[in-house]
Every structure is written in C-alpha cells, then in structure tokens.
Amino acid sequence: MDVSSRLAALPKDAAHEHKGGFNPYTNNGGTTLGVAGDDFAILAADTRMSDGGYGINTRHYTKICKLTDKCVLATSGMQADTLALQKNLRAMLQMYEHNNGKPMSTPAIAQWLSNTLYYKRFFPYYTFNVLGGVDDFGVGCVWSYDAVGSHERCTYTCSGTGQQLIQPLLDNQVGLRNQVPTDKPLPFTADAAEDLVKDALTSAGERDIYTGDYVDIARIDANGVTFSKFELKFD
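All right, on to the overall build of the chain then. When its secondary structure is counted, the chain shows 6 helices and 12 strands. In the chain, which comprises 235 residues, the share counted as buried stands at 43%. Of all intrachain contacts in the chain linking residues separated by at least 6 positions in sequence, the fraction that spans at least 24 positions is 63%. Of the roughly 13,100 Å² of accessible surface on the chain, 52% is carried by carbon and sulfur atoms.

Structure representation (structure tokens):
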C-alpha cells in the first residue's frame, strides 16, 4: 500500500494532524503571594526554579524584585520573561525618577505594570505577578494580575503553581470567609501576616512539586522594605 492509500485509510482529522511546532514558553513553576494590612504589605515567594517537568534547575532563584522603597514585585512563571519584565520596569522607574525628582508611587507602578503587560498581549510575558507595597498615605496594598495586564487591588492574592492550594487558606484566614461571625475579630498585624504566609507556603510545598527549598519574604511599611528567608522541603 502506498503513502496516499495509507493516508486515505486514516480518519479525516488524523490525516492532517501535525504534532510539530515551536513553543516559545515554558513554566518554571513557583508560587508567590501577597497580603496587605492597614499599614504594611507582605510579599513572599519560594526559590525553586524547575525545568517545566520533574527537574530542578536551581534551588536559589529569587522571584521577588524590589522596585522602590515602598513597592515590591513577586513573579512566577517563565524565568526569561520574568527577567525581561523586571529589566523593563527598572529602566522605566529610573527614567521617571530622573525626570520628576522623586520615585513613582506604588499605585502608579501598579498601573504601569498593567500597561506594560497589556502592550505585550499579542506575544505576552508568560509571567504571573503580585505587586505590593504601601501607597502615599501609608496604607498597605496588593495587586493581582493575569498575563495580559488585567489587575485588581485586593487585600490578599497569590499566583503560580501553588495558587489552588493557597487561595482557599487566604480566603478563610484573611478574608474570613466560611467562618462563624464574631463580634470583634482579632487585629491583623504584620507579624501575624508573616506567620500566615509561612504556613501557607509550607503547606503548598508539601503538595506542589514546583514549590520548595526556601521562601523569600518582603515586609513593606513606612520604614522601607525588610527581607527575610526560611526553609521549605528540599525534595
């Protein structure tokens, strides 16, 4: 039987099936999250960078980028696009400060990040971003993004491969959803938020193979940005 006869014998769709092609994207994994309070914001991310499968490229890849003394960006997804996006934002912020004599405010950075992602919507940055900090009034703020710039200011959010594991915990513990109402909820302090972030990422590290090794934590308040680190599982 010749080639044309064999193709004719196949189902119509199978005869034209083509499995080759170029895929420019890979998801290097990782989980990021942000929590905002009255006068602070906490951003955190693990440090594992996977190869898109079961391999680990490095255990010491930081996903947190300090943009100003009042603003921090945490990004998961494709490492190459993450670095390109951070380079773009740093250049823009430096130009803004030279032209205006002051750093850009956190809400303005949030809008600019949205514009940057939307500008690349036809060949988007394969990144999942959480931006956090304090605004000009000293109020904590966090923004969530999709890959093409749709964003929302919120009290808490997370992104990355561990999102489905962490979001229900944040809904319950920070959003106080699915709980019996209390007359006087406990105050939500920066220390309590940091402890919650540690618990959330520890739980995600137990289930998500792309989350692990270490966690970088950034606390942003009126005094600036403070970084800390703690260990997760290494396997």
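Moving on from the coordinates now.
It is worth spelling out the confidence of the model for the chain at this point. Put simply, the chain has an average pLDDT of 91, and 90% of its residues get 70 or more. Per-element mean pLDDT across the chain ranges from 53 in helix α2 (residues 12-15) up to 98 in strand β2 (residues 41-46).

This next bit is on the packing of helix α3 (residues 79-100) against helix α4 (residues 106-119). Remark: α3 packs on α4, axes separated minimally by 11 Å, with the N-to-C direction vectors making an angle of 130 degrees. Taken as axis vectors, α3 and α4 run oblique relative to one another. Both α3 and α4 take part in a crossing whose hand is right-handed. On α4, the residues that touch Leu85, Asn88, Leu89, Met92 and Leu93 of α3 are Ile109, Trp112, Leu113, Thr116 and Leu117. For the contact of α3 with α4, the residue count by class is 8 nonpolar, 2 polar and no charged.

Here we take up the sheet that holds strand β9 (residues 151-154). The strand order across the open sheet built from 5 strands is β5-β6-β7-β8-β9, with neighbouring strands paired in antiparallel fashion. A strand with exactly one partner marks an edge of an open sheet, and here the two such strands are β5 (64-68) and β9. Across this sheet, the average inter-strand angle for adjacent strands is 20 degrees, counted without regard to direction. By the bridge criterion, 4 bridges tie β5 to strand β6 (residues 71-77) in an arrangement that is antiparallel. What sits directly across from Cys65, in β6, is Leu73. Where α4 meets the sheet, its contacts fall on β5, β6, β7 (127-134), β8 (140-145) and β9, and the angle it forms with β7 comes to roughly 165 degrees.

Here we take up the environment of Glu97. Mapped onto the fold, Glu97 is located in helix α3. Apart from residues lying up to four places away in sequence, Glu97 is in contact with Lys102 and Pro103.

Further remarks concern the pairing of β6. Both faces of the sheet carry side chains from a regular strand, because those side chains alternate between them. The buried fraction of β6 amounts to 7 of the 7 residues, a majority that puts the element mostly inside the structure. Alternating positions in β6 separate into two faces, Cys71, Leu73, Thr75 and Gly77 on one and Val72, Ala74 and Ser76 on the other, with burial throughout. Connecting the antiparallel pair β5 and β6 is a turn made up of 2 residues. Looking at chain direction, β6 and β7 are connected through 7 bridges and run antiparallel. Bridged to Thr75 within β7 is Asn129.

For the rest of this paragraph, the subject is helix α6 (residues 190-207). Along its 18 residues, α6 runs 26 Å from first to last C-alpha, staying within 8% of the 26 Å computed at 1.5 Å per residue. For α6, every residue scored as buried is listed here: Ala190, Ala193, Glu194, Leu196, Val197, Ala200, Leu201, Ala204 and Gly205. The secondary structure elements touched by the buried residues of α6 are β1 (31-36), β2, α5 (163-173), β11 (214-221) and β12 (224-231).

Next up on the list: the pattern of salt bridges. Counted according to the given criterion, the structure contains 10 salt bridges. Put simply, Asp69 and Lys66 hold a salt bridge, and the shortest N to O gap is 3.1 Å. Of the residues examined, Lys66 reaches a relative accessible area of 38% and is grouped as partly exposed. The partner of Lys233 in a salt bridge is Glu206, with the nearest N and O atoms 3.5 Å apart. Residue Lys233 is located in the segment after β12, and its partner Glu206 is located in helix α6; the two are separated by 27 residues in the primary sequence. Each of Arg48, Arg59 and Asp213 takes part in a single network of salt bridges with overlapping partners.

Thresholds, definitions, all that
Residues numbered from 1 in each chain as written. Predicted model: local features only at pLDDT ≥ 70, side-chain atom pairs only at ≥ 80, totals over all residues. Heavy atoms only, no water. Helix = DSSP H or I, 4+ residues; strand = E, 2+ residues; numbered from the N terminus. Buried < 20%, exposed > 50% of the residue type's maximum accessible area, 1.4 Å probe, protein only. Contact = heavy atoms within 4.5 Å. Areas by Shrake-Rupley, 256 points an atom, 1.4 Å probe, with all protein chains shown as cover. pLDDT = per-residue confidence, 0-100. Axes fitted to C-alpha atoms, helices over the stretch in contact; angles between N-to-C directions. Parallel < 35°, antiparallel > 145°, perpendicular 65-115°, else oblique. Left-handed = near helix turned anticlockwise from the far one by under 90°. Nonpolar A, V, L, I, M, F, W, Y, C, P; charged D, E, K, R; others polar. Pairing = 2+ DSSP bridges. Expected span 1.5 Å × (residues − 1). Salt bridge = Lys/Arg side-chain N within 4 Å of Asp/Glu carboxyl O.

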